[in-house]
Structure formats: structure tokens, C-alpha cells
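Listed here are the chains, written in short residue letters.
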Amino acid sequence: MSQDKVVDADRRFWVGTTCAVGGVAAVGVAVPFVSTFAPSERAKAAGAPVEVEVGDMQPGEMRTVEWRGRPVWIIRRTPEQLAALKGIDGQLADPESERNPNEITPEYARNEYRSIKPEYFVAVGICPHLGCSPTARFAPGPQPNLPADWHGGFLCPCHGSTFDMAGRVYKNKPSPDNLTIPPYQFVSDTRILVGVDENNKA
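Each residue is numbered by its place in its chain's sequence as written, counting from 1. The model is predicted, so local features are restricted to residues of pLDDT at least 70 and side-chain atom pairs to those at 80 or more, both for listing and for counting; the totals for chains, interfaces and linings are taken over all residues. The basis for every side-chain value is the complete set of heavy atoms in the structure, and neither hydrogens nor water enter the calculation.

Please give an account of the sheet that holds strand β1 (residues 50–53) that cites residues and values.
Strands pair in a sheet through their backbones, by hydrogen bonds, and they do so in one of two ways: parallel or antiparallel. Two strands are counted as paired when DSSP detects at least two bridges linking them. The secondary structure listing takes helices from DSSP runs of H or I that are at least 4 residues long and strands from runs of E that are at least 2 residues long, numbered from the N terminus. Within the open sheet, the three strands sit side by side as β1-β9-β8. Their pairing is antiparallel. What marks the edges here is a single partner per strand, and that holds for β1 and β8 (184–188). The mean inter-strand angle of the sheet, taken between neighbouring strand axes irrespective of direction, is 30°. Here four bridges tie β1 to strand β9 (residues 191–194), and the two strands are oriented antiparallel to one another. Paired with V52 across the bridge in β9 is I192. To obtain an axis, a line is fitted to C-alpha atoms, over the contacting stretch when the element is a helix, and the angle between two such axes runs from 0 to 180 degrees between their N-to-C directions.

See below:
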């Protein structure tokens, strides 16, 4: 083999190697860049809005998403659960959500359902008493730690506070307030954006 051919082969090898290494480096730079388009865990913890598909939820189903480091419940209430909200105002500590409305119940949720659409209930799943997370007790009727005429709702196992299916606290319970309704909006018939309302308030 002539000297010229040896040099040409070496040159091709080094050019190819350089291109390959450069390509790998470019991909290494591009991947972190592309990932910046998705909200980071830090951004989520700081309060980045969370979009949730609810069109496939079954009646009676509950989903939990994280917003600002807190659990947010989304519940598709059944007709029976909605009907159970009527006629129990006398058992509730704040049936019309009048306590601290600007902090606990946004204007669009100051109704008997405490929601934008009656079917879908959105609430922060933290008891206002000491910050425990209540458990879902959707089945009506007598159960341990619940009254015999229980209509369905939530029980905080720490100190016994009970809430109805609209997150309204019952009388004579440790919790001083109803469950908090977070800012949210419907961006379509089947998608909820948690973290910002229709007035762009977070």
C-alpha cells in the first residue's frame, strides 16, 4: 500500500471519529435542553399548575395530584352523593362556607356544591386542624368512628374531624374550617387546571 493511501485512510478514520464524538456531545447537550420544556420537580413544588384529564373518571372515583407539595383531590361525585349534600346544613359548622372565604373558598365555589361544576369536586386533601390527610369514607351508613346517619364524606383519623362530600366540616369537631378549595379552572369539558383560576389567580 502506498504512503498516500495510508495517510488517506488515517485521515478518514480520525475525521469519522471526530464526527461521532461531536454527535454524541451534541445529543448530550440537546437532551437537557429539551427537558427544560417540562416543569421540574422544583417548579411543581413552587406551585406550577397541574393539568388533569377527568373525562375518563367513573362516578364515585377519586384522583389525587400534587400541587405546591400538597395533595389535591379530584372527585367525580355521583348523583346520590350530590343529593346527600342537601338537608344537612344543621349538622355542619360552616354550611355556606362563610369563614375566611378568600383563603378557603374562592368565589366560584361558594355554593352548596363548593365547585365550578357540581359533578366534580376539587379540594386540598389536608385537614385544617393539624395538617393530617383525611381518608375517603364515601359509603353511607353506620361505620366505625362515624355516626349512624353518615351520608358519605371524609374522616380525619388523627382527631376525628368529619367532612361531607363538599368538604364542609361537621359541628363540634377539632377542625376549625372546611377543606380548602384550591384555585382551578376547566380548560376544556374534560380537563382541569389546578393552580390557577379563570382570573389567572394562583
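Could you give an account of the pattern of salt bridges, naming the residues involved and the relevant values?
Between Lys or Arg on one side and Asp or Glu on the other, a salt bridge is scored when a side-chain nitrogen of the former is within 4 Å of a carboxyl oxygen of the latter. Using the criterion set out here, one finds eight salt bridges in the structure. For R168, the salt bridge identified is with D164, shortest N-O distance 2.8 Å. Accessibility assignment for this pair places R168 and D164 in one class, buried. By sharing partners, the salt bridges in this structure join E51, E53 and R191 into a single network. For every residue, the accessible area (1.4 Å probe, protein chains only) is compared with the maximum for its type, and the residue is labelled buried under 20%, exposed over 50%, or partly exposed between those bounds.

Tell me about the sheet that holds strand β4 (residues 120–124), and please be specific about residues and values.
Across the sheet, which stays open at both edges, the three strands sit in the order β2-β3-β4 with antiparallel pairing between neighbours. Sheet topology places β2 (62–67) and β4 at the edges, where each strand pairs with a single neighbour. Averaged over all adjacent pairs, the angle separating strand axes in this sheet is 20°, with direction ignored.

Can you explain unusual backbone geometry? Please cite residues and give values.
Despite not being glycine, R68 has its phi angle at roughly 55°, a positive value. Along the polypeptide, R68 turns up in the loop between β2 and β3 (70–76). Despite not being glycine, N100 shows a phi value in the positive range, around 40°. With respect to the helices and strands, N100 occurs in the loop between α3 (79–83) and α4 (101–104). For N100, a relative accessible area of 40% puts it in the partly exposed group.

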